[in-house]
Amino acid sequence: MARMKFLCDAERCIECNGCVTACKQEHDIPWGVNRRRVVTINDGVPGERSISVACMHCSDAPCMAVCPVDCFYKTEEGVVLHDKDLCIGCGYCFYACPFGAPQFPQAGAFGVRGKMDKCTFCAGGPEANNTADEYKKYGRNRLAEGKLPACAEMCATKALLGGDGDVLADIYRERVTKRGKGADVWGWGTAYGPPGQQPAAPAGGAKS
Amino acid sequence: MASLTLKRAAGAWLAALVLGLAASAQAQSPAANPPEADFAKQQQAQQQSQPLNNQPVWKEVRSGQAQTSTVRGRETNVLIQSQGQTWRAARVTVSTALGGLIAALVLVLFGYYFWRGSIELHGAPTGRVIERFSPAKRIAHWSMGLTFVALGVTGLILTFGKSLLLPIIGYTLFSWLATLAKNVHNFTGPVFSVALLIFIFMYAKDNLPKAYDLQWMAKFGGMLDRSGNTHVPSGKFNAGEKGLFWSLVVVVSLVLVVTGYILNFPNFDQTRETMQLANIVHLVAALLGIAMACLHIYMGTVGMKGALDAMRYGYVDETWAKEHHGLWYDDVMSGKVPRGTEPAAPTLPQGRPA
């Protein structure tokens, strides 16, 4: 079974924010919520690099570990999803996530948090695939339609890749060999741990 | 091995943060414009001499430094915030250790009750009563106390429910319970903070430490003497109550209120690091506070006859005052402290020792 990962090739990213727009469009994301964002390191300085970042669907996902109601689950493809019917909007996943992926729409006065929203790797949620209910809560389930995440498919320079981690690694290796530089696979160490320790199997994916 | 490293990292991080609040302000001040200009020049040279080596840029990725992003929002320009991992590890360690402490304390209190029993009066009640707490003081106490209990119970549900309740009652039911707990917790918190300040203001004077409190401390109020013949001087409040007032009510509760406000109102652009630290401090203070409150609730209910009635009805029998708060009793008798109003006839229930 494929282990789904994101890979952003910083040698190719041109900071066009096309992925951010594609994501917003694909899932009807409300104002104030950004499942994906592009960050530029050393903007305006020689050697600046841009990286598109969203939920990395970590192997040992911190959000999953700290959630007080255990609303996260992992699919067989290693995608970290959550159940908005269980989420209580406490913000713990937001404290724990190194990538700043969990987003909270403001649900009332004084900054009261609504139910958490984050990148689903375009894999929807616990509802039946491609139902109106699923779309309303989590956006489109492209994986169930046999498609890859909209952000990666939309990327004009193919900097952002999403899909089976082994395939992505092969593509990236080939690119690095050809251009002879830019071997930094950003975020993989934080998200997926050292090579050889990347379980794709769901860690207790059961839920009510 | 990994967990040990995490624990060490957690400890180091906590210590660094506790000590480093002032230091961080210092550390930021030299980061003005000149170093940035220097960095640009270095980078230019780097691109010339080593075009394939972009190490200085990548070094900053894990630093948690703010970069540039067109997506507006709090900390959207930070790529990796590593302290969350430390927060995650610290939270588990702290909640397990202090949760265990509370469980052990409850067991000890059960044991103490079976060993010592309820502390009874030695003399016969006189039937004459003294006003111990005015209605205003009782309202202040119960407003603070009941909101504290509500916050404590809901906080415990949110902290330990995943391990203790969820396996029993299931995901859906526990999610409802946790939603309720979160909302009760978040809305009761500000009420508690107001009640707390009023309580501190009303009770501080009687809780000022006096020299004779040392004698109480030395004998631990005679609580370890099963015969109950140890007598220690105490004013309106004994040294134990005063200790609890300054530790639980003033220090711990004020820490809880401050950190609680930081967590409850995330709309002031406080960073994740601030909230992670506030959360850990809140957790430590809350669990210590709950442990202290268990002691107080024990002594105020089953631990001592007449204690609950004092806070419930406001009056105590003269014998109770003489035996438990001798110096206060003397002051009332000599007229140094007002005796308070007489109770309305049906205030005290029949057949109670007051």
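As shown above, the structure is provided for reference.
First things first, this report covers the structure right here in the doc.

What counts, and at which threshold
Residues numbered from 1 in each chain as written. Chains lettered and ligands numbered in written order. Predicted model: local features only at pLDDT ≥ 70, side-chain atom pairs only at ≥ 80, totals over all residues. Heavy atoms only, no water. Helix = DSSP H or I, 4+ residues; strand = E, 2+ residues; numbered from the N terminus. Contact = heavy atoms within 4.5 Å. Areas by Shrake-Rupley, 256 points an atom, 1.4 Å probe, with all protein chains shown as cover. Buried area = accessible area lost by both parts, 1.4 Å probe. Salt bridge = Lys/Arg side-chain N within 4 Å of Asp/Glu carboxyl O. Pairing = 2+ DSSP bridges. Disulfide = S-S within 2.5 Å. Buried < 20%, exposed > 50% of the residue type's maximum accessible area, 1.4 Å probe, protein only.

## Let's talk about the overall build of chain B
Helix and strand counts for chain B stand at 13 helices and 3 strands. Here the analysis covers contacts within chain B between residues at least 6 apart in sequence; of these, 77% occur between residues at least 24 apart. Carbon and sulfur atoms make up 68% of the accessible area of chain B, which totals about 18,900 Å².

## Structural notes on the interface of chain B and chain A
Listed per partner, the contact involves 51 residues of chain B and 52 residues of chain A. In total, chain B and chain A occlude about 4,400 Å² of area from one another, counting both sides; carbon and sulfur atoms represent 58% of this. Three residues, Trp58, Leu79 and Tyr171 of chain B, lead the burial of chain B against chain A; their summed loss comes to 17% of the area buried on that side. Our count for the chain B to chain A interface comes out at 1 salt bridge.

## Considerations on the environment of Val112 of chain A
Tracing the sequence through the fold places Val112 of chain A in the loop between α3 (92-96) and α4 (132-138). Distance in space between the C-alpha atoms of Val112 of chain A and Gly89 of chain A is 8.4 Å, their sequence separation being 23 residues.

## Things to note about the sheet that holds strand β1 (residues 68-69) of chain B
Strand order in the open sheet made by the 3 strands is β3(A)-β2(A)-β1(B), with antiparallel pairing throughout. Either end of the sheet is taken by a strand with one partner, and the two such strands are β3 (49-53) of chain A together with β1 of chain B. The pairing of strand β2 (residues 37-41) of chain A with β3 of chain A spans 5 bridges and is antiparallel. Opposite Arg37 of chain A, over in β3 of chain A, you have Val53 of chain A as the bridge partner.

## As for the state of the cysteines
Inspection of the entire model under this criterion finds 0 disulfides over all chains. This cysteine, Cys63 of chain A, is not joined by any disulfide, and Cys55 of chain A carries the nearest cysteine sulfur, 6.2 Å off.

## Digging into the pattern of salt bridges
Residue and element names in this part refer to chain A. Under the definition given, this model contains 23 salt bridges over all chains. As a salt-bridge pair, Asp85 and Lys137 come within 2.9 Å of each other at their nearest N and O atoms. Of this pair, Asp85 sits in the loop between β5 (80-82) and α3 while Lys137 sits in helix α4; the two residues are 52 residues apart in sequence, bridging distant segments of the chain. The exposure class assigned to Lys137 is buried, which follows from its relative accessible area of 18%. A cluster of three or more residues bridged by salt bridges with shared partners is formed by Asp9, Arg12, Arg175 and Arg179.

## Concerning the pairing of β2 of chain A
Counted residue by residue, β2 of chain A has 5 buried out of 5 residues, so it is predominantly covered. Bridge count between β2 of chain A and β1 of chain B: 2 bridges; the pairing is antiparallel. Of the residues in β1 of chain B, the one forming a bridge with Thr40 of chain A is Thr68 of chain B.

By themselves, these figures tell us nothing about what the structure is for.
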